[in-house]
Amino acid sequence: DSKLTSLLQQTLGGNSITVMIACVSPSDLSYEENLSTLEYASRAKNITNHVYANEDPKTRLIRKLKAENAFLKDQLARMKVLA
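All figures in this text were calculated on a predicted structure; none of them were measured in a lab.

1. A closer look at the overall build of the chain
Here is step 1: Within the chain, the regular secondary structure consists of three helices and zero strands.
Here is step 2: Listing the helices and strands of the chain from first to last along the sequence gives α-α-α.
Here is step 3: Across the 83 residues of the chain, 10% fall into the buried class.
Here is step 4: Across the chain, contacts joining residues at least 24 apart in sequence account for 56% of those joining residues at least 6 apart.
Here is step 5: Accessible area of the chain: about 7,800 Å², with a carbon and sulfur share of 59%.

2. Remarks on the side chain of Asn34
Here is step 1: Mapped onto the elements, Asn34 comes out in helix 2 (residues 31-45).
Here is step 2: From its side chain, Asn34 meets the backbone oxygen of Ser25 in a polar contact 2.6 Å long.
Here is step 3: In this structure, Asn34 is in contact with Val24, Ser25 and Ser27, ignoring residues within four places of it in sequence.

3. Digging into helix 2
Given 3.6 residues per turn, any residue in an α-helix points the same way as the ones three and four places further on.
Here is step 1: When the terminal C-alpha atoms of helix 2 are compared, their 21 Å separation across 15 residues agrees well with the 21 Å that a helix rising 1.5 Å per residue should span.
Here is step 2: Taken residue by residue, helix 2 has Asn34, Tyr40 and Ala44 as its buried positions. Buried residues of helix 2 fall within an arc of 125° about the axis and therefore sit on the same side. With respect to the buried face of helix 2, the exposed residues turned more than 90 degrees away are Tyr31, Glu32 and Lys45.

4. Focus on a nonpolar patch on the surface
Here is step 1: A surface patch of nonpolar side chains, about 420 Å² in accessible area, is lined by Ile17, Val19 and Ile21.
Here is step 2: Along the chain, Ile21 turns up in the loop between helix 1 (3-12) and helix 2.

5. Thoughts on the confidence of the model for the chain
In low-pLDDT segments, the atomic positions of the prediction should not be examined closely.
Here is step 1: Residues with a pLDDT of 70 or more make up 86% of the chain, whose mean pLDDT is 84.
Here is step 2: Here helix 1 stands out as the least confident element of the chain, with mean pLDDT 70; helix 3 (residues 57-82) is the most confident, with 94.

6. Notes on the pattern of salt bridges
Here is step 1: Tallied over the entire structure, the rule returns three salt bridges.
Here is step 2: Residue Arg60 is joined to Glu55 by a salt bridge in which the shortest nitrogen-to-oxygen separation is 3.9 Å.
Here is step 3: Look at Glu55 and you get partly exposed, because its relative accessible area is 28%.
Here is step 4: Taking the shortest distance from any N to any O, the salt bridge between Arg78 and Asp74 comes out at 3.3 Å. Here the residue Arg78 and the residue Asp74 both occupy positions in helix 3, the gap between them amounting to four residues, near one helical turn.
Here is step 5: One connected set of salt bridges, linked through shared partners, spans Glu55, Arg60 and Arg63.

Criteria and thresholds
- Residues numbered from 1 in each chain as written.
- Predicted model: local features only at pLDDT ≥ 70, side-chain atom pairs only at ≥ 80, totals over all residues.
- Heavy atoms only, no water.
- Helix = DSSP H or I, 4+ residues; strand = E, 2+ residues; numbered from the N terminus.
- Buried < 20%, exposed > 50% of the residue type's maximum accessible area, 1.4 Å probe, protein only.
- Contact = heavy atoms within 4.5 Å.
- Areas by Shrake-Rupley, 256 points an atom, 1.4 Å probe, with all protein chains shown as cover.
- Polar contact = N/O pair within 3.5 Å; in protein donor to acceptor, adjacent residues only side chain to side chain.
- Expected span 1.5 Å × (residues − 1).
- Arc of directions from axis to C-beta.
- Patch = residues over 30% accessible without salt bridge, like charges linked within 9 Å, V, L, I, M, F, W, Y side chains within 5 Å.
- Salt bridge = Lys/Arg side-chain N within 4 Å of Asp/Glu carboxyl O.
- pLDDT = per-residue confidence, 0-100.

The following block contains the structure:
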């Protein structure tokens, strides 16, 4: 939900392997900052992306029509065999 998370969202999920190193301090004075860092790392671990191919709308339509054409040809061939 943070700006950093939204900036890194495309690199934190998907088909790639991403390594995140969370640096924390052993000092008691840095407790709140350490906790915040670990909570962020935990939230970032749960980010998932939906992968899709960038495809031109015309190319997508052509691909769908070719698939439909092949399907209909197959159905027609099956009808001829049954007749």
